[in-house]
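Below are the chains, spelled out letter by letter.
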Amino acid sequence: MTSVQPIPMVDLREQYLTIKQDIDTAIADVLSTTQFIMGSNVREFEQEAADYLGVSDAIACANGTDALHLALRALGLGPGDEVITTPFTFIATAEAIAYVGATPVFVDIDPATYNMNVELVEQAITDNTRAIIPVHLFGLPCDMSALSAIAKKHQLHIVEDCAQSFGAAINDSKIGAIGDIGCHSFFPSKNLGCFGDGGMLSTNNAELAEKLRVLRAHGSTKQYHHTIIGYNSRLDEMQAAILRQKLPRIDQYNQARHNVARAYCEQLANVNVQLPLLNAPAAMGEATPVFHQFTILSDKRDEIKQALATQKIASAIYYPIPLHLQEAMVDRMPAKLSHPHAENVAQRCLSLPIYPEMPADSIQRVCKTIEQVVS
Ligand SMILES: *Cc1c(COP(=O)(O)O)cnc(C)c1O
């Protein structure tokens, strides 16, 4: 009996092996200098990432959650302030709002894009609204021109949650270079991932960049001179050295993800499941998603998941409970509203394996298995 090969959600080992020599050399170089915190690799990576994103400043930090937290601190948000965001995201987006004592205000999603429905944003604005956090979920950019117009009209800040969308762009602007501040995560399974935790902020505002640099390093502008209460939120040299090897390859990785997504769409075209958009809605301009996840919708979600598991194929439910229904959030919202699209999608969504090196026969096996369940 031949045993079936398991298909994982992501195969980090496969990617490491393709660039092993460069990574191992970069790590060995850090070991030989024993400069582990805030050395040349972090400085160089910040410059290279800023150039890639087309921003004046990139500020590395410890993880994506901290990036969101530092961004809201740098903007001066606190108790009494309201921040509009999506209920269909990872908890970190809303945790950051809670960390500064501000109030999350959720607006429902567009089930076609999984992103915040921009048309619902304006009616959620009150006298207390200070900022909007769009999340480019699963790597699909939000409609930033519509959001920017609303933010300008109501004098609101925009903090982009780019944790799932490194390298995505709208027309010639990279995600993370459009709002006031972009927040990035380098968690190992993200599109640009290091070998531990890592994060970064991007901005074109020099004043905010300076505040962020001070906040991530214990509120000090000069060693042992602390002007404000800050944090220990640094990216370490080893992670920066690894990221410097991966950053020049990110477009190639994202293109490979898009190719996997296209293959899924072709092979599932006549199968009764709802597919994600291969390209952003045309009204948004030229925008290409970077497929952090490939997420389908089906009323038979649980049966599909079970059938895949039987074939040793991984799948994941991102996310089973929208944030407005999370126990940690219920007492923090100004009103208990329902968000029917987010609730419906949470019950029907299933993310399939996707990573740049995913073999064609694995994609076929996933699609065949799904087809057998729904036909
Ligand atoms: C991963 C993620 C974060 C948090 O990033 P960490 O580096 O894990 O702290 C924030 N927002 C979203 C949407 C994410 O997917």
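The shown structure was predicted, so the numbers you read here are calculated from the model rather than taken from an experiment.

Calculation notes
Residues numbered from 1 in each chain as written. Predicted model: local features only at pLDDT ≥ 70, side-chain atom pairs only at ≥ 80, totals over all residues. Heavy atoms only, no water. Helix = DSSP H or I, 4+ residues; strand = E, 2+ residues; numbered from the N terminus. Buried < 20%, exposed > 50% of the residue type's maximum accessible area, 1.4 Å probe, protein only. Domains from an automatic or database assignment. Buried area = accessible area lost by both parts, 1.4 Å probe. Salt bridge = Lys/Arg side-chain N within 4 Å of Asp/Glu carboxyl O. Polar contact = N/O pair within 3.5 Å; in protein donor to acceptor, adjacent residues only side chain to side chain. Pairing = 2+ DSSP bridges. Core = buried A, V, L, I, M, F, W, Y, C linked by side-chain atoms within 4.5 Å. Contact = heavy atoms within 4.5 Å. Near = heavy atom within 4 Å.

The next thing to look at is unusual backbone geometry. Geometrically, the link from tyrosine 318 to tyrosine 319 is a cis peptide bond, its omega value of 5° lying close to zero. Looking at the secondary structure, you find tyrosine 319 in the loop between helix H10 (301-310) and helix H11 (340-348). For glutamine 155, which is not a glycine, the phi torsion comes out positive at approximately 55°. Within the secondary structure layout, glutamine 155 lies in the loop between helix H6 (144-154) and strand E5 (157-161). Positive phi, normally seen in glycine, also occurs at asparagine 171, with a value near 50°. Looking at the secondary structure, you find asparagine 171 in the loop between strand E6 (169-170) and strand E7 (173-174). By relative accessible area, asparagine 171 is classed as partly exposed at 48%.

Per the domain assignment, the segments making up the chain are domain 1 (13-107 + 115-248) and domain 2 (249-374). The straight-line distance from the C-alpha centre of domain 1 to that of domain 2 is 24 Å. Interface of domain 1 and domain 2: buried area, both sides summed, is about 3,300 Å²; carbon and sulfur atoms make up 63% of it. Summed over the three residues of domain 1 that lose the most area to domain 2, namely Phe88, Phe138 and Asn191, the buried surface amounts to 21% of that side. At the boundary of domain 1 and domain 2, one finds one salt bridge. Counting across the interface, domain 1 meets domain 2 through 18 residue pairs in polar contact (both at pLDDT 80 or more). The set of elements that each furnish at least two residues to the side of domain 1 that touches domain 2 consists of helix H1 (12-18), helix H5 (92-99), strand E3 (103-106), E6 and helix H8 (237-246). At four residues, the largest contribution of residues to the side of domain 1 that touches domain 2 is made by E3.

Our focus in this paragraph is the sheet that holds E7. Taken together, three strands build an open sheet; the order of strands is E7-E6-E12 and the sheet is antiparallel. Looking along the sheet, the strands with just one partner apiece sit at the ends: E7 and strand E12 (287-288). Strand direction decides the pairing type here: E6 and E12, joined by two bridges, are antiparallel. If you follow isoleucine 170 over to E12, its bridge partner there is alanine 287.

Turning next to the nonpolar core. Of all hydrophobic cores here, the largest spans 27 residues; its most connected members are Tyr264, Phe294, Leu352, Val366 and Ile370. Looking at this core, the elements with two or more residues in it are helix H9 (250-267), strand E13 (294-297), H10, strand E14 (349-352) and helix H12 (360-374). For this core, the element with the highest residue contribution is H12, accounting for six residues. Among residues more than four places away in sequence, those in contact with phenylalanine 294 are Ala261, Tyr264, Cys265, Leu268, Leu275, Pro276, Leu350, Ser351, Leu352 and Ile354.

Side chains of E13 alternate between two faces, with Phe294 and Ile296 and Thr295 and Leu297 buried alike. The sheet contact formed by E13 and E14 spans four bridges and is antiparallel. Within E14, the position partnered with isoleucine 296 by the bridge is leucine 350.

Taken together, 15 residues sit near the ligand, with Gly64, Thr65, Asp161, Ser185 and Lys190 positioned nearest. Here an oxygen atom of the ligand and a backbone polar atom of glycine 64 are 2.8 Å apart. Here an oxygen atom of the ligand sits 2.9 Å away from a polar atom, N or O, in the side chain of lysine 190. Those elements giving two or more residues to the shell around the ligand turn out to be helix H4 (64-74) and H5. A per-element tally of the shell around the ligand places H4 first, with three residues.

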